Amino acid sequence: MTEAQRYRLAQGGLIDRSKPLRFSFDGLDYSGFQGDTLASGLIANGVRLVGRSFKYHRPRGIFTAGSEEPNALVELRTGDRREPNTKATTIELYEGLEAQSQNRWPSLGMDILAANQLLAPVLPAGFYYKTFMWPRAFWEKVYEPVIRRAAGLGRAAEAADPDHYEQAYAFCDVLVVGSGPAGLAAALAAGRAGARVILCEEEAALGGRLLSEQQLIDDAPAHAWAAAAQRELESLAEVRIMPRTSVFGVFDGGTYGAVERVSDHVLKPLTHMPRQRLWRILAKRCVLAAGAIERPIAFAGNDKPGVMLASAVRTYINRYAVAPAQRLAVFTSCDDGWRTAQAATLAGLEVAAVIDARSEVAPEVRALAGNKARVLLDARVTGVGGFRGVEKIKVEVPGGGATIAADGLAVTGGWNPNIALSSHHGSRPNWDERLAVFTPGTCPEGMVVAGAARGRFGLAECLADGAAAGALAAESLGFKPVTKPLPKAEDEAAGCMALWHVRGSGGKAFVDLQNDVTAKDVLLANREGYRSVEHLKRYTTLGMATDQGKTANVVALGVLAEARGQAVPEIGTTRFRPPYVPVAIGALAGHHRGRDFRPTRLTPTHAWAQEQGAVFVEAGPWLRAQYYPRDGERDWLETVSREVLSVRRSVGFCDVSTLGKIDVQGPDAGKFLDRLYINTFSTLAIGKARYGVMLREDGFVMDDGTTARLAADRYIMTTTTANAVKVFQHMQFCHQVLWPELDVQFISVSDQWAQVSIAGPKARATLQRIVDPAFDMSNEGLPYMGAAETTAMGGVPARLFRISFSGELAYEIAVPAGYGDALARRLMQAGAEFGITPYGTEALGVMRIEKGHVGGNEIDGRTTAADLGLGRMMSKKKDYIGRVLAGRPALVAPNRMQFAGFKPVDPAARLRAGAHFLPLGAAAEAANDEGVMTSVAYSPLLGSWIGLGLVKSASSRIGQRVRAYDPVRNGDVEVEICAPCFFDPAGERLYG
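What you see is a predicted model; the values in this text were computed from it and never measured.

### Topic: the overall build of the protein chain
The number of helices and strands found in the protein chain is 22 helices and 50 strands. The dimensions of the protein chain, computed from C-alpha atoms along their principal axes, are 110 × 70 × 55 Å. In the protein chain, buried positions account for 55% of the 992 residues. Put simply, of all contacts in the protein chain between residues at least 6 apart along the chain, 67% involve residues at least 24 apart. Total accessible area on the protein chain stands at roughly 41800 Å², and carbon and sulfur atoms take up 53% of it. Of the side chains in the protein chain, 111 bear a positive and 106 a negative charge, and the two mean positions are spaced by 3 Å.

Now the structure itself:
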């Protein structure tokens, strides 16, 4: 041992003693070695107290050596990289590591809230259900504030996370989860057969329990065989090893979620490296070799620092060369505990006693403890003494009791197969009475379980089971397994007696260490009727902590089963759900944060628009040109007015590529569209387009747009920009669920086509210079609402639609997206003679308001087709989604708000969207509200502001005046209700 690391063993372990590391815990500096975890580093330096429990703030020490750790939760790093609730047992030690204990105040050693232990008699399971019910007035003023202050563990960083996270996909034939003996054997068998294999291991080194035991494989240390297996796997071209990667969920279609801790083992990630990477692994087969988790025994004082799972003690001794105690006692109900006594003896530690709950133990097992250890059979630990850690152990033996001096207690009640991932599709595990464990039930499709994860605890049988599972997985995919002799190993003794709880002892016997759930709490829940395991979980908070009850749940089931006089399988288990281990929200989000939360999409003409000096606006996920300012223009309004007048007087064009575009094909395409839209499309002539309105099932308008028929069985449908995805999802639902019998296919082609609107009196003359001469652009060749497929710009495929959103002679031309930029430049050349003007979304909005077209402001999820003046489009000859519910009395009432236009009585007055309509002279009260102004614009044609909106009984009130009241912006303008079309009401310009 060294002075700085006084609990470090002089030799042994898999650490690199040539690479010392400095780290700190709660502000104190310590040292460790490369290969340590934070937990082993703390143990090496004699740190026993590492945290406080959630409810009672009891002192807690390190309990395990893996991801099942319930106690040793720390805050890692500082500042904007501070990370709470990180298990010290899974943190690789690195130079400069900073960790803080949590859930204590003002310090770990002196925690004021430890006084909660004095209140334990009045804080039993479910106390919050009973306490916070009365007096009722206390909830908001007292109970809720106190609960909020007490809730949570650790402190999240208060600044933005400076690191980034990635998401990635991987594909394989065989996924192997776990790299213990079964996992390595499975990966070797599948890899040798030529299958594409991915091996995921949550730790940095492969080997699992082989790194912690003193067993032999092929007459060499087990960890040496693991290293050799890793070298062979690395030599196989189709095998990929993914260390520091935890598989946390099993999803549909052979998809597995995994999180890779790319840079958690360094002070900060290297440049261009992510902190963590979220993987979606698509595997044809999976071998689950996740091993087993040792289960504790509930007895009084089993939570004191120094009480540790027996396998963890072996891990710290054999793998990390640290001594968890100088004088160790072992409490076991199985053969495995005796191996801990053996490991401690070989390391030079004093074994004070081996306390076995069984009355008989095989001689060869007893021999593992050597001759010096005191052996107590048919014995139980009834209490642990010590102020902040183990100092003495009270033992009940036949005919009396004993007290044993010790500073550490290793506990084991056997092993539970790690079956979580095998149950993620909802199956229930099976109970093995012989082993007293749950084993996998019906696994997700394509998964097999091998080794300790299915109750094969012997080393030799793990190797054989894993090899067979890997070979079977590869063979089922058509690969020919390579026959090789199994490694030579022996099965260790695995006798076990189920012992859940030592009764009759004073003090708290904890089942769930993190949430302070005791065996008494489980018994109380049973007495009070919370006997279902799901009710027990929620009533006591059992298994609801960050470890999700990995060491607690089965013990609790055993305690409940004994109390009810039933077998454990009759009690059942709670649902296993992803994630198996905590996953950082940053990893789930990946790059989708800040500006990348919803990546900005650029139109095909974006680069050209930038060159023109366009000002851009976010339109859903898109960045669209809002207007194109010119030198000398004072503000945006002057620019927009110029663009509008240019279109009205000559010609302009606007990129409308952001519209949703859906290609619908098949013999039943027309019938399918008839059921989606309120009007009919099956009778639409080839080469024609039609405006359509789509309802939700509740009768309200979902979306509108035009659909063109290009062939007998082919339509091109457009949607609004905002609803492009929603409409496509709606169509998928309708086809897959409502009408799967229809022979129709559809696909979104929104990104495949650049689409530009050309409008104005000179639109045809301009477009004739773009469209190839063979196509007839005359009024007869392409009449209003006509559609055609043609070519443009010298043979580029194009789709041409004569439709208008502005009220002018207008067309929309679509070309493959890659030609969008060229189309914009050619239009500028073709229309130069006419003074062609590019215009943005603002001018587009002004012209649609002048023409009285409804838009997203009016289709807000609360309006019907009749409200918007489109009721005559609603077919009475066919059925369609929303037809029945659109006829509900409230939706056809004559006093409903209806679509109308509004102009100020004073032409100089400004209108604002969002203003509410009130009768003249009426008080500004909600009871007098008659509607809302949905859209406004300054019309350069009329020289005043105009608006569209919804007002009660609009159709019978044309010419009446109301107030447009806007208290937010101090607006109160008298307006006249008018027809919504302010420009060319007869539509003469459309037919130019």
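There's more to say after this.
### Some remarks on the side chain of Ser-806
Here Ser-806 shows up in the loop between strand 42 (796-801) and strand 43 (810-816). Ser-806 sits in the buried class, given a relative accessible area of 2%. Within the structure, Ser-806 has its side chain in polar contact with the backbone nitrogen of Glu-808 (distance 3.4 Å). Apart from the residues lying within four places of it in its own chain, the contact partners of Ser-806 are Arg-648, Ala-759, Met-847, Lys-851 and Phe-983.

### Quick word on a nonpolar patch on the surface
A cluster of nonpolar side chains, Phe-138, Val-142 and Val-146, forms an exposed patch at the surface whose accessible area comes to about 230 Å². Mapped onto the fold, Val-142 is located in helix 3 (residues 138-150).

### With respect to the packing of helix 4 (residues 181-192) against helix 9 (residues 459-476)
The N-to-C vectors of helix 4 and helix 9 enclose an angle of 35°; their axes lie 7 Å apart at closest approach. Considering the relative orientation of helix 4 and helix 9, their crossing is right-handed. Of the residues in helix 9, those touching helix 4 at Pro-181, Ala-182, Ala-185, Ala-186, Ala-189 and Ala-190 are Leu-459, Cys-462, Leu-463, Gly-466, Ala-467, Gly-470, Ala-471 and Ala-474. Here the residues of the contact of helix 4 with helix 9 sort into twelve nonpolar, two polar and no charged.

### Section: the packing of aromatic side chains
Evaluation of the coordinates by the stated rule reveals 15 aromatic pairs. Here the aromatic rings of Trp-608 and Phe-653 are separated by 5.5 Å at their centres, their planes lie at 35°, and the arrangement is tilted. Note that Trp-608 is positioned in helix 15 (residues 606-611) and Phe-653 in strand 34 (residues 652-655), a separation of 45 residues in sequence. We note that Trp-608, like Phe-653, is buried. Positioned over the ring face of Phe-510 is Arg-60, at 4.9 Å from the centre of the ring. Here Lys-550 stacks its cationic end above the ring of Tyr-580, 4.4 Å away from the centre of that ring.

### Structural notes on the sheet that holds strand 5 (residues 73-76)
Strands pair in a sheet through their backbones, by hydrogen bonds, and they do so in one of two ways: parallel or antiparallel. Spatial strand order, 2-1-7-5-6: five strands in an open sheet with mixed pairing. Only two strands of the sheet have a single neighbouring strand rather than two, namely strand 2 (28-34) and strand 6 (83-87). Averaged over all pairs of adjacent strands, the angle between strand axes in this sheet comes to 40°, irrespective of strand direction. Direction of pairing for strand 5 relative to strand 6: antiparallel, over a ladder of three bridges. Considered in strand 6, the bridge of Leu-73 is made with Lys-87.

### Quick look at helix 18 (residues 724-738)
Between its terminal C-alpha atoms helix 18 stretches 20 Å, which fits the 21 Å expected from 15 residues at 1.5 Å a residue. Those residues of helix 18 that fall on the buried side of the exposure criterion are Ala-724, Val-727, Phe-728, His-730, Met-731, Cys-734 and His-735. One side of helix 18 holds all its buried residues, which, seen down the axis, span an arc of 155°. Away from its buried face by more than 90 degrees, helix 18 exposes Val-725, Gln-736 and Val-737. Packed against the buried residues of helix 18 are strand 35 (660-665), helix 17 (669-676), strand 36 (688-695), strand 37 (701-711), strand 38 (714-719) and strand 39 (745-748).

### So, the sheet that holds strand 34
With mixed pairing, the six strands of this open sheet are ordered in space as 41-42-43-40-34-44. Unpaired on one side and paired on the other, strand 41 (787-792) and strand 44 (837-838) mark the two borders of the sheet. The pairing of strand 42 with strand 43 spans three bridges and is classified as antiparallel. Of the residues in strand 43, the one forming a bridge with Phe-801 is Glu-812.

### Some points on the packing of helix 10 (residues 519-527) against helix 12 (residues 553-564)
Axis separation between helix 10 and helix 12 bottoms out at 10 Å; the angle between their running directions is 45°. In terms of their interaxial angle, helix 10 and helix 12 are classed as oblique. Seen along the crossing, helix 10 lies across helix 12 with a hand that is right-handed. Across the interface between the two elements, Ala-519, Val-522, Leu-523 and Asn-526 from helix 10 touch Ala-556, Val-559, Leu-560, Ala-563 and Arg-564 from helix 12. For the contact of helix 10 with helix 12, a count of residues per class yields seven nonpolar, one polar and one charged.

### Section: the pairing of strand 35
A regular strand places its side chains so that they alternate between the two faces of the sheet. Most of strand 35 is tucked away, with five of its six residues classed as buried. Summarising the sheet, strand 35 and strand 38 pair through six bridges and their orientation is antiparallel. Looking at strand 38, one finds that Gly-660 is bridged to Thr-719. Relative to strand 39, strand 35 is paired through four bridges, and the arrangement is antiparallel. Note that in strand 39 the partner of Gln-665 across the bridge is Gln-745.

### Some details on the environment of Gly-807
As for its position among the elements, Gly-807 is in the loop between strand 42 and strand 43. The class for Gly-807 is buried, based on a relative accessible area of 1%. A C-alpha to C-alpha distance of 77 Å links Gly-807 and Gly-558, two positions 249 residues apart in sequence.

Rules of the game
Residues numbered from 1 in each chain as written. Predicted model: local features only at pLDDT ≥ 70, side-chain atom pairs only at ≥ 80, totals over all residues. Heavy atoms only, no water. Helix = DSSP H or I, 4+ residues; strand = E, 2+ residues; numbered from the N terminus. Buried < 20%, exposed > 50% of the residue type's maximum accessible area, 1.4 Å probe, protein only. Contact = heavy atoms within 4.5 Å. Areas by Shrake-Rupley, 256 points an atom, 1.4 Å probe, with all protein chains shown as cover. Lys, Arg positive; Asp, Glu negative; His and termini not counted. Charge placed at Lys NZ, Arg CZ, Asp CG, Glu CD. Polar contact = N/O pair within 3.5 Å; in protein donor to acceptor, adjacent residues only side chain to side chain. Patch = residues over 30% accessible without salt bridge, like charges linked within 9 Å, V, L, I, M, F, W, Y side chains within 5 Å. Salt bridge = Lys/Arg side-chain N within 4 Å of Asp/Glu carboxyl O. Axes fitted to C-alpha atoms, helices over the stretch in contact; angles between N-to-C directions. Left-handed = near helix turned anticlockwise from the far one by under 90°. Nonpolar A, V, L, I, M, F, W, Y, C, P; charged D, E, K, R; others polar. Phe/Tyr/Trp six-rings, centres within 6.5 Å; stacked < 30°, edge-to-face > 60°. Lys NZ or Arg CZ within 6 Å of the ring centre and 35° of its normal. Pairing = 2+ DSSP bridges. Expected span 1.5 Å × (residues − 1). Arc of directions from axis to C-beta. Parallel < 35°, antiparallel > 145°, perpendicular 65-115°, else oblique.

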